[in-house]
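Breakdown of the fold
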Amino acid sequence: MIFYFKKPLYIFVFIIFLGILNTAHADPEGWGAWKAQLKSELVGKGINAQLADEVLNPLRFDPDVIKSDSRQAPQKYSFVEYQKKAVNPNRVKNGQNFYRRHRQELEHYAGKAGVPASVIVALLGIETDYGGFTGKNDVIQALASLAYGAQRSDPAAQKKRRDYFRTQIYYSLKLLQDKHIERDDFKGSWAGAFGINQHMPESFYTYVVDGDGDGDKEILNMNDLSDVFATTANHLHKVGWKEGQRWGREVALPANFPKTLVGNSIKKPLSFWRSAGVTLPGGAPLPASADIQGSIIAPDGLQGPVYIGYDNFHAFRRWNKSDYFALVVGTLSDKIAQP
Ligand SMILES: [Ca+2]
Ligand SMILES: [Ca+2]
């Protein structure tokens, strides 16, 4: 009697359990139809239909990347907190060692593009900890989830964001079709950046080069970094790196410096800033050059550290549109350059 009573109970509990599992992994309604529509769009743009099926069919909707995307607050940390993490002593030491280990190759590609090797190293340090962490998300699954469901309160901004990721899906499949990457290696950040340089699929086609000329564009091979170095140098060159100039430096402002002169949209010659009382941190005068333009950047306000960003600071911002990013790459590169 007891036996007959318990068996259905087990089955009942098991069915409930399956139900919970199923809910946790359920794709949203319309996901299948959306993928079918995406497939015909991709095929229309020249992606092989069989490849599109093979890639799109198994894709699941990943709610976690939507959460990460919605959580992205521009000022989650103060700059000083952010810099403490991004330019910590370990990262500086590892950057100096990385530079020493790859000096010959680094300087070869840096010299060809007219950019400093220390800046290449700093960019790789900030992007992926010198290749140590390139991301574990399935890039295409993340992109598809974002293209389907990225959330923004403004409908126009939401459409723009979803369209952006949709375009990246096309370039991802093109990367597979062009055999630049294997499906199983296609891992990266929740937002779809991949490789030691963290390029987006579209920007792969803009910036990645075959540095050593062996016919492959290797972006994931820690044993052969020539393409990574050549690509970083090429990218810096393309975003307008000015040879022979610094990125910027820390400065001190006089008391009552007008707030209206602070910000990355204001560019004035160094001679202007010098007359406005801007000095080096110890009080020594700025170089008087009238040819170099600079912006005063105070990421934590006038009470925090203040920097002057030259044209190369703005080049960093064209790599990643963030003052924080540009400042940590710059300050890390300075520390790597003077071991
Ligand atoms: Ca190559
Ligand atoms: Ca190679």
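Computed from a predicted structure; not experimentally measured. (Residues numbered from 1 in each chain as written. Chains lettered and ligands numbered in written order. Predicted model: local features only at pLDDT ≥ 70, side-chain atom pairs only at ≥ 80, totals over all residues.)

1. Looking at the domain arrangement of the chain
Looking at the chain, the domain boundaries give domain 1 (31-73 + 135-205) and domain 2 (248-309). Summarising the inter-unit geometry, the C-alpha centres of domain 1 and domain 2 are found 41 Å apart. (Domains from an automatic or database assignment.)

2. Overview of the sheet that holds strand E3 (residues 248-251)
A sheet is described by the order of its strands in space; here four strands give the open sequence E3-E6-E5-E4, paired in antiparallel fashion. One side of each edge strand has no neighbouring strand; the edge strands of this open sheet are E3 and strand E4 (268-269). Bridge analysis of E3 against strand E6 (residues 306-309) gives four bridges, and the strand direction is antiparallel. Across the sheet, Val251 pairs through a bridge with Val306, a residue of E6. (Pairing = 2+ DSSP bridges. Helix = DSSP H or I, 4+ residues; strand = E, 2+ residues; numbered from the N terminus.)

3. Some details on the environment of Tyr324
Mapped onto the elements of the fold, Tyr324 is located in helix H15 (residues 323-337). Under the C-beta neighbour-count criterion, Tyr324 is labelled partly exposed, with 18 such atoms within 10 Å. Taking the C-alpha atoms as reference, Tyr324 lies 7.8 Å from Tyr82; in sequence the two are 242 residues apart. Beyond its immediate sequence surroundings of up to four residues, Tyr324 is in contact with Phe79, Tyr82 and Pro299. (Buried ≥ 20, exposed ≤ 12 C-beta atoms within 10 Å, placed from the backbone. Contact = placed C-beta atoms within 7 Å.)

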